[in-house]
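In case you want the letters, here they are:
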Amino acid sequence: MHVVVFYIATLWLALLIAVGVALTLRARTILLRVLGLELVTTMLVGLLALFAGGRDSPHYLDAALVLALLSFVGTLAAARFDAEGRIF
Amino acid sequence: MLEAVVPWVADALVLLGLLILTLSVWGVLRMRNVYTSLHASSKTTALGLGPLLIAAGLENETILLRGLLVLGFLILTAPVAAASIARAYWRKYDRATRPNNGQPETRVDAAATVDQRVGSPE
């Protein structure tokens, strides 16, 4: 991709992450907060994919994979704990 | 010829992915209900990250394969996470307001029977 598009996309994703963080902080319930955190993680995975393409290095995607895995497990655990008081 | 087109295709895919991710955030901000917010966020996760990951790997095969790995994992896990959030919200807030405390009334409601068998804290 071209450098201009790389910079614009990075700035735009940073803005989206800021919106997601504000959404997480101002959420009314815990489950909305979990949803906001999942949204922020999605944006972070997108940012890491963008950097992998822009810097031409596949190592960013390792971090993206780990982040997606941790977000999935964390969402499951937090949602279950909030509703039922236990995880398992 | 084909090599000259590849960066422009990557640009278009990046902009498409950004558009879909923006729609995702806008939908979560716009919708007042948790279920509809989940509807906006969960569907756009794989759909918005897919173009970004493919655009990153158009010029490098290693990045493409690793991006497809991440994408496949996201496609598998995003619906499960959204369903767990919706299920937790229903069990915490909406189940008590249902008649008969959310218990199935007829044998037609087979999914709720399976749901009860998972177990509750009390």
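Residues numbered from 1 in each chain as written. Chains lettered and ligands numbered in written order. Predicted model: local features only at pLDDT ≥ 70, side-chain atom pairs only at ≥ 80, totals over all residues.

For chain B, the name recorded in an unreviewed UniProt entry is Na+/H+ antiporter subunit, with Sphaerobacter thermophilus as its organism.

Looking at an unreviewed UniProt entry, chain A carries the name Multiple resistance and pH regulation protein F, with the source organism given as Sphaerobacter thermophilus. Under the heading Subcellular location (unreviewed entry), UniProt records this for chain A: "Cell membrane". (UniProt positions renumbered as here; feature names shortened; annotations may be inferred.)

Student: Explain the UniProt feature "transmembrane region" (unreviewed entry) in chain B to me, using residue names and the numbers behind them.
Tutor: All names here are of chain B. Mapped onto this numbering, the UniProt entry gives "transmembrane region" (unreviewed entry) at residues 6-28, 40-58 and 64-90. End-to-end, the C-alpha atoms of residues 40-58 are 28 Å apart, and along that stretch the chain is 89% helix and 0% strand. The straight-line gap between the two end C-alpha atoms of residues 64-90 is 39 Å; of that span, 100% is helix and 0% is strand. (Helix = DSSP H or I, 4+ residues; strand = E, 2+ residues; numbered from the N terminus.)

Student: Tell me about the UniProt feature "transmembrane region" (unreviewed entry) in chain A, and please be specific about residues and values.
Tutor: All names here are of chain A. This chain's UniProt record puts "transmembrane region" (unreviewed entry) on residues 6-25, 32-53 and 59-79. Spanning residues 6-25, this segment combines 100% helix with 0% strand, and its end C-alpha atoms are found 29 Å apart. Annotated as residues 32-53, this span is 100% helix and 0% strand, and its ends, taken at the C-alpha atoms, are 32 Å apart.

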